[in-house]
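Below, each chain spelled out in residue letters.
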Amino acid sequence: MKISTKGRYGLYFMNVLASEYGVKKRSVKSVATERGISDLYLEQIVACLKKANLVKSTRGAYGGYELNYPPDEITVLDVFQAVGENIIAIELDDKDTKNERFLWKRIRDASHDVLRHTTLHDLENQSDEFDDYMFYI
């Protein structure tokens, strides 16, 4: 499974807002600088998040972006769908057998289930148990 930079940066932006939910608003530029990415690119991603009603913005000296809902009500799937992330676990092939297609479907369903049931709150409050693991996808 591959997640594009659009999905990764969108999720990062949402995680930043979730970590400061109810405390302060953030500008796109400050988050882009913190992550070391283009603020113009992040602005395009944030526009998608705003269009999906996941974030709201306030203008002015104390303005910036904030979550439109509590972090426990926004899932990773919501974020990925908002930015147009297309999650494909395995592409089907004409030569796949019935058994292989069954397995590919189960893998797809399992990954979607994880994304659908993992909230920004879950990500913010995860433990450090994965620090020593290497992930190969």
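Structure: see above.
Residues numbered from 1 in each chain as written. Predicted model: local features only at pLDDT ≥ 70, side-chain atom pairs only at ≥ 80, totals over all residues. Heavy atoms only, no water.

Enquirer: Explain the nonpolar core here, please?
Expert: Nonpolar side chains tend toward joint burial in soluble globular proteins. Grouped together as the largest cluster of nonpolar side chains are 29 residues, with contacts concentrated most on F13, M14, L42, L49 and V55. Looking at this core, the elements with two or more residues in it are α1 (5-19), α2 (28-35), α3 (39-51), β2 (64-67) and α4 (76-82). The greatest single-element share of this core, amounting to 7 residues, is contributed by α1. (Core = buried A, V, L, I, M, F, W, Y, C linked by side-chain atoms within 4.5 Å. Buried < 20%, exposed > 50% of the residue type's maximum accessible area, 1.4 Å probe, protein only. Helix = DSSP H or I, 4+ residues; strand = E, 2+ residues; numbered from the N terminus.)

Enquirer: Before we go on, may I ask you to explain the side chain of D96 in this structure?
Expert: Following the sequence through the fold, D96 ends up in the loop between α4 and α5 (98-117). With no salt bridge to any partner, buried D96 finds its closest opposite charge in R101, at an N-O distance of 5.1 Å. In this structure the side chain of D96 is engaged in a polar contact, spanning 2.8 Å, whose partner is the backbone nitrogen of D93. When residues no more than four places from it in sequence are discounted, the contact partners of D96 are E91, R101 and W104. (Lys, Arg positive; Asp, Glu negative; His and termini not counted. Salt bridge = Lys/Arg side-chain N within 4 Å of Asp/Glu carboxyl O. Polar contact = N/O pair within 3.5 Å; in protein donor to acceptor, adjacent residues only side chain to side chain. Contact = heavy atoms within 4.5 Å.)

Enquirer: Help me understand α3, please; the structure alone is not making it clear to me.
Expert: Owing to its 3.6 residues per turn, the α-helix aligns residues three or four sequence positions apart on the same side. Here α3 is 13 residues long and its end C-alpha atoms lie 18 Å apart, about the 18 Å a rise of 1.5 Å per residue gives. Among all positions in α3, only L42, I45, V46 and L49 are buried. Each buried residue of α3 lies within a common arc of 100° when the element is viewed along its axis, so the set occupies one face. Residues L40, Q44 and K51 are exposed on α3 and point more than 90 degrees away from its buried face. Looking at the buried side of α3, the elements it contacts are α1, α2, β1 (55-58), β2 and α4. Looking at where α3 begins, the residue whose side-chain oxygen comes 3.2 Å from the main-chain nitrogen of L40 is S38. (Expected span 1.5 Å × (residues − 1). Arc of directions from axis to C-beta.)

Note that every value here comes from positions in space, so none of it alone points to a role or purpose.
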